[in-house]
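# Chain and residue survey
Okay, here's what each chain looks like letter by letter:
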Amino acid sequence: MNRGVLYAASTYILWGLLPVYWKWLRLTPASEVLCHRIIWSFITLLLVLLAAQQWNGLRRNVFSMRVLRAYAASGALIAVNWLTYIWAVGAGFILETSLGYFINPLLSVLLGVVILRERLRPGQWAAIALAAAGVLYLSVAHGSLPWIALTLAITFSLYGLIKKTAPLGSLQGLTVETAVLLLPAFAFLVYIGQTGQGAFLRTGALIDILLIGTGFITVVPLLLFSSAARRIDLSLLGILQYIAPTIQFLLGVFAYHEPFTGDRLIGFCIVWSALIVYAAESYLTRRSQTFPAALKT
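Scope of this entry: the structure provided in the associated data block.

Conventions we followed
- Residues numbered from 1 in each chain as written.
- Predicted model: local features only at pLDDT ≥ 70, side-chain atom pairs only at ≥ 80, totals over all residues.
- Heavy atoms only, no water.
- Phe/Tyr/Trp six-rings, centres within 6.5 Å; stacked < 30°, edge-to-face > 60°.
- Helix = DSSP H or I, 4+ residues; strand = E, 2+ residues; numbered from the N terminus.
- Buried < 20%, exposed > 50% of the residue type's maximum accessible area, 1.4 Å probe, protein only.
- Lys NZ or Arg CZ within 6 Å of the ring centre and 35° of its normal.
- Axes fitted to C-alpha atoms, helices over the stretch in contact; angles between N-to-C directions.
- Parallel < 35°, antiparallel > 145°, perpendicular 65-115°, else oblique.
- Left-handed = near helix turned anticlockwise from the far one by under 90°.
- Contact = heavy atoms within 4.5 Å.
- Nonpolar A, V, L, I, M, F, W, Y, C, P; charged D, E, K, R; others polar.
- Patch = residues over 30% accessible without salt bridge, like charges linked within 9 Å, V, L, I, M, F, W, Y side chains within 5 Å.
- Areas by Shrake-Rupley, 256 points an atom, 1.4 Å probe, with all protein chains shown as cover.
- Salt bridge = Lys/Arg side-chain N within 4 Å of Asp/Glu carboxyl O.

### Digging into the packing of aromatic side chains
Counted by the stated rule, this structure contains 16 aromatic pairs. Here the aromatic rings of Tyr-12 and Phe-225 are separated by 6.4 Å at their centres, their planes lie at 75°, and the arrangement is edge-to-face. A residue pair is termed long-range when its members are at least 10 positions apart, and Tyr-12 in helix 1 (residues 3-24) and Phe-225 in helix 9 (residues 205-231) qualify at 213 residues. For Tyr-12, a relative accessible area of 7% corresponds to the buried category. A network of ring pairs unites the aromatic residues Phe-102, Phe-249, Phe-260, Phe-268 and Trp-272 as a single cluster. Sitting over the ring of Tyr-256, Lys-23 keeps its end group 5.1 Å from the ring centre. For Arg-37, the ring lying beneath its charged end belongs to Trp-82, and the centroid distance is 4.0 Å.

Below is the structure:
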């Protein structure tokens, strides 16, 4: 197997299995887990940067106002995304989180049209319309918007949009994002520690290890993803990304037995149809563009 494909598949499998990790921490408030994830991710990233000898390059670029503005915005978005995801998994909404990450790629394409003035082909518009129909059906069937899925999809799509134009690489960028969030996260942990509400160092060694490990489970998939992105086409990465929400969906239904009603099945099937249309259209377009080029060579 191509090493890039192996790295990419490993990345998305690890992201897909994240609900298992958050379930282990379900008795710890999501806000506290988030703050530990920020702090331990920053420490882990700092060590990786030092080992990779990238610290000096980051230090030279980080004090630019353009860099700080971009990563303050992306840091706020990823914090909301992480908090929503951690809380939703612990509260038993894994299926809705998977829906959010199924919708996310199509929402990213739509943002490209609205903000970057990109043009969509008819097949891409059809996929977005189908996804919107699926969300609308789920909203009508359940009497409310699937707000968890939409929050995850919107925050991650906007996060990806900022990262698309941000000046730093993924590793350095996440380091700056967590650095921006570091002080508020640390202050919150100090506060709950002083009021006796914090779980860290109070609820057993296992919880302490899991909280510290949030840095590891955040950084390792990122490093694998960065390695994969250098070795394989982004189009292949785009197809492989559906591994993660598929695993989340299977965990929600078969491991944690979340209710999966007929209405939910119909709504998910509409969204899955949108993804099939989008993937097929992208594949056929790439094939039609590469075939004439191959004939010329």
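There is more to say after this.
### Quick notes on the packing of helix 5 (residues 94-114) against helix 7 (residues 147-165)
Packing of helix 5 against helix 7 leaves a shortest axis separation of 7 Å and a crossing angle of 40°. Relative to helix 7, the element helix 5 lies oblique. Relative to helix 7, helix 5 is oriented so that their crossing is right-handed. In contact with Glu-96, Thr-97, Leu-99, Gly-100, Tyr-101, Ile-103, Asn-104, Leu-107, Ser-108 and Leu-111 of helix 5, helix 7 contributes Trp-147, Ile-148, Ala-149, Leu-152, Ala-153, Ile-154, Phe-156, Ser-157 and Leu-158. Of the residues that constitute the contact of helix 5 with helix 7, the class distribution is 13 nonpolar, five polar and one charged.

### Notes on a nonpolar patch on the surface
A cluster of nonpolar side chains, Ile-43, Leu-47, Leu-50 and Trp-55, forms an exposed patch at the surface whose accessible area comes to about 360 Å². Per-element tally for the nonpolar patch: the top contributor is helix 2 (residues 30-51), with three residues. Tracing the backbone shows Leu-50 in helix 2.

### A short note on the pattern of salt bridges
Enumeration over the complete set of coordinates arrives at two salt bridges. Glu-281 is the partner of Arg-121 in a salt bridge, and the nearest nitrogen-oxygen pair spans 2.5 Å. Remark: Glu-281 occurs in helix 12 (residues 262-296) and Arg-121 occurs in the loop between helix 5 and helix 6 (122-142); sequence separation between them is 160 residues. Classification of Arg-121 by relative accessible area gives partly exposed; the value is 32%.

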